[in-house]
Amino acid sequence: MSVIIVGGGMTGSTLALAISSLTAGKLPVTLIEASRPEPHKAPEARALALAQGSCQQLQRIGIWSALSGCATAITRVQVSDRGHAGLVNLRAEDYAIAALGQVIELHEAGRHLFALLDKAAGVTLCCPDRVAGVTRTQSQVTVTLDSGKTLQGQLMIAADGSSSPLANLCHIHSQVYNYQQVAVTATLTTARHPAGCAFERFTHNGPLALLPLSQGRSSLVWCHRLADHQTVAGWDDAHFLQQLQQAFGWRLGKILKVETRHSYPLRLVRASTHISHRLALVGNAAQTLHPIAGQGFNLALRDAISLAELLAKAAERKDDVGAWPVLSHYQECRRTDQHNTVNLTDGLISLFANHHQPLVAGRNLALMVMERLPLLRAMFARRALGWIEH
Ligand SMILES: Cc1cc2nc3c(=O)[nH]c(=O)nc-3n(C[C@H](O)[C@H](O)[C@H](O)COP(=O)(O)OP(=O)(O)OC[C@H]3O[C@@H](n4cnc5c(N)ncnc54)[C@H](O)[C@@H]3O)c2cc1C
């Protein structure tokens, strides 16, 4: 009995490690990844905010100790609307916890996860390699790789990212909603140390988030209208810093330096189904969200842990891990959380993308009321930002 995972990004890697940990290596896993995160490769300027609940899950499956060394704690979150009074402050001490969440740099996290995968019980890495073709029979799947290798197993898992090529090969289609926005990411250095503070600001161009990193740096995600993308991409660093300073303000003093910028077109992509014969979809392959609420990997991790738990139980009973009842149980038990998280993120984007005056006034009122009502603020922290366990 064995499982084949295609895609070793954050989702595929953590899923492989979760299966290894929960089955003590008794359910063999082969992980196929096109490119290994290496120190010499140009790092992608992207950081992930992990909810405290996600860190606890990562600890449970033995991953957190490897990631915690490169993580920065979020102790405060400030939400504001440019040009308006509404402002919400969320502080870890208000919830009697040490941190609201943690920030990890994607590339560094990838390297730590691969170091764990190299020695994980029951895990075989095929990297660098790619899927060239798949065939499914009633009782198994066969995957052929670019290298010429052939793998067989009871279950294939697509963790190969947005608009999953594996799902496409298996005739699963996606619904795509284009937000007509582009996210610009970069690492910043500011005159004032962020000291654990994350910022979420709704600017005229689109939402802007700053996450605290090590050595006093911050990770920026700044969303722009697609129509403005060429203009923004054409700004030199000095002009970019000037525009950013204007949009963000002086909460961290002067913004001194911006490192290489990257752009991501923003779309909501949802696979029409998350299971098919001997196939399950996880992470961005199942649903890709707008990044501003920081929910993408937090949701992917909940999917991956649920799937790993169901597979571990099936393996313990010596059941077929790729059988339909196991897969449909996975799809069923993830449906509500996925639905709520997608709707919440989508709702936030629509609310804050809107320049209609009554709505602007309404959301500022909501931010101000929230600042004064701790219970409402806690709900917002839990659900809207995903900083705290769901
Ligand atoms: C700007 C931005 C900011 C974000 N911020 C946050 C945040 O703060 N918090 C949060 O929770 N989420 C955030 N997200 C979302 C988060 O990045 C993703 O949800 C997360 O990285 C999980 O991705 P994944 O592993 O599912 O897919 P991917 O990262 O796309 O990984 C897919 C992997 O599959 C491999 N692959 C593809 N095809 C093949 C093939 N045929 N054969 C072999 N390998 C293949 C690729 O090489 C890749 O490594 C953000 C996203 C963006 C764009």
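That block above? That's the structure.
This report concerns the structure included in the present document. Since we're looking at a predicted model, the values are computed, not measured.

## Some remarks on the overall build of the chain
- Broken down by element type, the chain carries eleven helices and 21 strands.
- Per-residue burial over the chain gives 45% buried out of 390 residues.
- Taking all contacts inside the chain whose residues are at least 6 apart in sequence as the whole, residues at least 24 apart take part in 75%.

## With respect to the site of the ligand
- Taken together, 33 residues sit near the ligand, with Gly7, Gly9, Gly161, Gly283 and Gly296 positioned nearest.
- Elements with a contribution of two residues or more to the shell around the ligand: helix H1 (10–22), strand E3 (47–51), strand E13 (174–190) and helix H8 (296–316).
- Ranked by the residues each element gives to the shell around the ligand, the list is headed by H8, at four residues.
- Split by residue class, the shell around the ligand holds 15 nonpolar, 14 polar and four charged.
- Counting the residues that make up the shell around the ligand, at least three belong to each of domain 1 (3–42 + 110–175 + 269–347) and domain 2 (71–104 + 179–266 + 354–385).

## Quick notes on the pairing of strand E1 (residues 3–6)
- Where burial is concerned, the two faces of E1 agree: the one with Val3 and Ile5 and the one with Ile4 and Val6 are both buried.
- As defined by bridge partners, E1 adjoins strand E12 (residues 155–158) across four bridges and the pair is classed as parallel. By the bridge assignment for E12, Ile5 is matched with Ile157.
- In the sheet, E1 pairs with strand E2 (residues 29–32) via four bridges, with the strands oriented parallel. Note that in E2 the partner of Ile4 across the bridge is Thr30.
- In terms of handedness, the path from E1 via H1 over to E2 forms a crossover that is right-handed.

## Comments concerning the sheet that holds E1
- Reading across from one edge, E8-E2-E1-E12-E20-E19 is the order of the six strands in this open sheet, with mixed pairing throughout. If you trace the sheet from one side to the other, it starts and ends with strand E8 (123–126) and strand E19 (275–276), each paired once.
- Packed onto the sheet, H1 meets E1, E2, E8 and E12 and runs at close to 170 degrees relative to E2.

## What about the nonpolar core?
- Core analysis: the biggest nonpolar cluster contains 102 residues, and Leu15, Ile157 and Val282 have the highest contact counts within it.
- When sequence neighbours within four positions are dropped, the list of residues in contact with Leu15 reads Ile5, Ile157, Ala159, Val282, Ala304, Leu307 and Ala308.

## A look at the packing of H1 against helix H4 (residues 106–119)
- For the pair H1 and H4, interaxial distance at closest approach is 10 Å and the crossing angle is 30 degrees. Looking at the two axes, H1 sits roughly parallel to H4. In terms of crossing hand, the pair formed by H1 and H4 is left-handed. Contacts between H1 and H4 involve Met10, Ser13, Thr14, Ala16 and Leu17 from the former and Ala109, Leu113, Phe114, Leu116 and Leu117 from the latter.
- Looking at the contact of H1 with H4 residue by residue, the classes come out as eight nonpolar, two polar and no charged.

Rules of the game
- Residues numbered from 1 in each chain as written.
- Predicted model: local features only at pLDDT ≥ 70, side-chain atom pairs only at ≥ 80, totals over all residues.
- Helix = DSSP H or I, 4+ residues; strand = E, 2+ residues; numbered from the N terminus.
- Buried ≥ 20, exposed ≤ 12 C-beta atoms within 10 Å, placed from the backbone.
- Contact = placed C-beta atoms within 7 Å.
- Near = placed C-beta within 6 Å.
- Nonpolar A, V, L, I, M, F, W, Y, C, P; charged D, E, K, R; others polar.
- Domains from an automatic or database assignment.
- Pairing = 2+ DSSP bridges.
- Right-handed = clockwise from strand over helix to strand, strands pointing away.
- Axes fitted to C-alpha atoms, helices over the stretch in contact; angles between N-to-C directions.
- Core = buried A, V, L, I, M, F, W, Y, C linked by C-beta atoms within 7 Å.
- Parallel < 35°, antiparallel > 145°, perpendicular 65-115°, else oblique.
- Left-handed = near helix turned anticlockwise from the far one by under 90°.

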